[in-house]
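The lines below spell out each chain.
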Amino acid sequence: MQHPPPNPRPPTVIAVDGPAASGKGTLARAMAAHFGFDYLDTGLLYRAVAYFGEVTPPVDAAAELAAATLARVTKLAASLDPQRLNDPHLKSEKIAAAASYIATFPALRAALRAYQVNFAQTPPGGLGAVLDGRDIGSVICPDAKVKFFITAAVEVRAKRRFLELYGQGHKVVYAAILHDLIARDRQDSGRQTAPLTEAKDAIRLDTSTLSLEDARDFVLAKAQVQLS
Ligand code: CDP
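Given the structure is predicted, the values throughout are model-derived calculations rather than measurements.

Caption draft 1: Representation of the overall build of the protein in the model. Looking only at helices and strands, the protein features 9 helices and 5 strands. Taken from N to C terminus, the helices and strands of the protein fall in the order β-α-β-α-α-α-α-β-α-β-α-α-β-α. Rg of the C-alpha trace for the protein: 18 Å, near the compact-globule value of 17 Å for 228 residues, within the 12% margin. Its C-alpha atoms give the protein principal-axis dimensions of roughly 70 × 45 × 35 Å. In the protein, which comprises 228 residues, the share counted as buried stands at 46%. Counted over contacts in the protein with a minimum sequence separation of 6, partners at least 24 positions apart contribute 82%. As presented, the protein carries roughly 12100 Å² of accessible surface, and 57% of it is formed by carbon and sulfur atoms.

This is the structure we're talking about:
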């Protein structure tokens, strides 16, 4: 008599949420490399839809997105080509602001959900997945084995984002970046659907005064304990 194959273990998921430029991407990548998991920067999905969908945030933030535009970008989101996530244009703060704008629309979020859930459930390497974003621990992967909420003072985050973009050759002004981050924090935390949320069971880390090495050591040690 043939025995059924043993139940394959579902991939392990680590969820990393936090505001813009808090260090969550760097720490998520470090954990993925350490544990041999695959990494998904979910912000890139929103950025790609904003960029390839040619969305410009309205001057009047309360203005409605035209129904036809919403239908067009939702369609784009539902069939997003992963190759498009590597486009260097996605990195600018202008695209980040447009991403934050379209991220307020529930239909658009729903269209991007499948991509993220699919990645978490079937990561390319099969072992596990680290996803970073705003609603990973709360909405996309509420059952993640480990959840982090990474934050830092907004001035520290603006300085980091300034150095990051400057290093990539973008023309940037610190005061403008600080202004953009404050506006984006407000929009990301205040929207009705899946706002930036610290999951109840998340491990919180404020990286304002930590070196990258110390922050990395902290998350690796915490994740190691929860995964064993
Ligand atoms: O890199 P940074 O932290 O500045 O932003 P990002 O992670 O690339 O995300 C860009 C924008 O997409 C955010 O400001 C959010 O409005 C939105 N986003 C979201 O709503 N949910 C996610 N899981 C990821 C990003």
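Caption draft 2: Layout of the pairing of strand β1 (residues 12-17). With 6 of 6 residues buried, β1 lies mostly within the body of the structure. Residues of β1 alternate between two faces, with Thr-12, Ile-14 and Val-16 on one and Val-13, Ala-15 and Asp-17 on the opposite face, all of them buried. Here β1 runs beside strand β3 (residues 128-133); their pairing, made up of 6 bridges, is parallel. When the sheet's bridge partners are listed, Thr-12 is paired in β3 with Gly-128. Sheet topology note: the β1/strand β4 (residues 146-151) ladder contains 4 bridges and is parallel.

Caption draft 3: Inspection of the layout of surface pockets at higher detail. Each pocket or cavity is described by its volume, and for the largest pocket that value is around 910 Å³. Surrounding the largest pocket, 41 residues form its lining, Ala-21, Lys-24, Gly-25, Arg-161 and Glu-164 being those nearest its centre. Put simply, the parts of the chain that give the lining of the largest pocket at least two residues each are α1 (24-35), β2 (38-41), α2 (43-52), α4 (93-102), β3, α7 (154-167), α8 (174-190) and α9 (212-227). Of the residues that constitute the lining of the largest pocket, the class distribution is 15 nonpolar, 10 polar and 16 charged. Size it by volume and the second largest pocket reaches roughly 450 Å³. What lines the second largest pocket is a set of 18 residues, and nearest its centre among them are Pro-10, Pro-11, Thr-12, Val-13 and Lys-145. Residue contributions to the lining of the second largest pocket peak at 3 residues, all from helix α5 (residues 106-121).

Caption draft 4: Up close: the site of the ligand. Close contacts around the ligand come from 18 residues, with Lys-24, Arg-47, Arg-109, Arg-161 and Asp-188 the closest. Between the ligand and Asp-188 there is a distance of 2.6 Å, counted from an oxygen atom to a side-chain nitrogen or oxygen. Contact with the protein chains removes 96% of the 530 Å² of surface that the ligand exposes when unbound. The site holding the ligand turns out to be the largest pocket. Top contributing element to the shell around the ligand by residue count: α2, with 3 residues. Tallied by class, residues from the shell around the ligand come to 5 nonpolar, 4 polar and 9 charged.

Caption draft 5: Region of interest: the side chain of Arg-161. Within the secondary structure layout, Arg-161 lies in helix α7. Judged by its relative accessible area of 11%, Arg-161 falls in the buried class. Sequence-distant contacts of Arg-161, defined by excluding residues within four places in its chain, comprise Ala-21, Arg-47, Glu-93, Ile-177 and Arg-184.

Thresholds applied
- Every residue gets a number counted from 1 within its own chain, in the order that chain's sequence is written.
- Under the rules for a predicted model, residues below a pLDDT of 70 receive no local features and side-chain atom pairs below 80 are neither given nor counted, while totals for whole chains, interfaces and linings still include all residues.
- The side-chain values count all of the structure's non-hydrogen atoms but skip hydrogen atoms and water molecules.
- A run of H or I in DSSP becomes a helix once it reaches four residues, and a run of E becomes a strand once it reaches two; helices and strands are each numbered from the N terminus.
- Radius of gyration: over C-alpha atoms. The globule rule applied is 2.2 Å multiplied by the number of residues raised to the 0.38 power.
- Exposure is judged per residue with a 1.4 Å probe applied to protein chains only, and the accessible area is read against the type maximum: over 50% gives exposed, under 20% gives buried, and values in between give partly exposed.
- Two residues qualify as a contact provided that any one of their heavy atoms is within 4.5 Å of a heavy atom in the partner residue.
- Surface accessibility in these figures is a Shrake-Rupley result with a 1.4 Å probe; residues are shielded only by whichever protein chains are displayed.
- A pair of strands is labelled paired if DSSP reports no fewer than 2 bridges between them.
- The definitions used throughout rest on a 1 Å grid laid over the protein atoms alone, on which a cavity is an enclosed set of points accommodating a 1.4 Å probe that cannot get out and a pocket is an open set flanked by protein within 12 Å on both sides along at least five of seven lines; lining residues are those having an atom within 4 Å of a point.
- Grid points are joined across faces, edges and corners, and a volume is the space filled by probe spheres set on the points.
- Lys, Arg, Asp and Glu make up the charged group, whereas Ala, Val, Leu, Ile, Met, Phe, Trp, Tyr, Cys and Pro make up the nonpolar group; the residues left over, Gly among them, are polar.
- Nearness is judged by heavy atoms alone; a residue qualifies as near a molecule or strand once a single heavy atom is within 4 Å of it.
- In the analysis that follows, any N or O atom pair within 3.5 Å is treated as a polar contact, provided that within protein one partner can donate a hydrogen and the other can accept it, and provided that, for residues neighboring in sequence, both atoms belong to side chains.
- Each molecule is checked against the cavity or pocket grid, and it sits inside if more than half of its atoms lie within 2 Å of the grid points.

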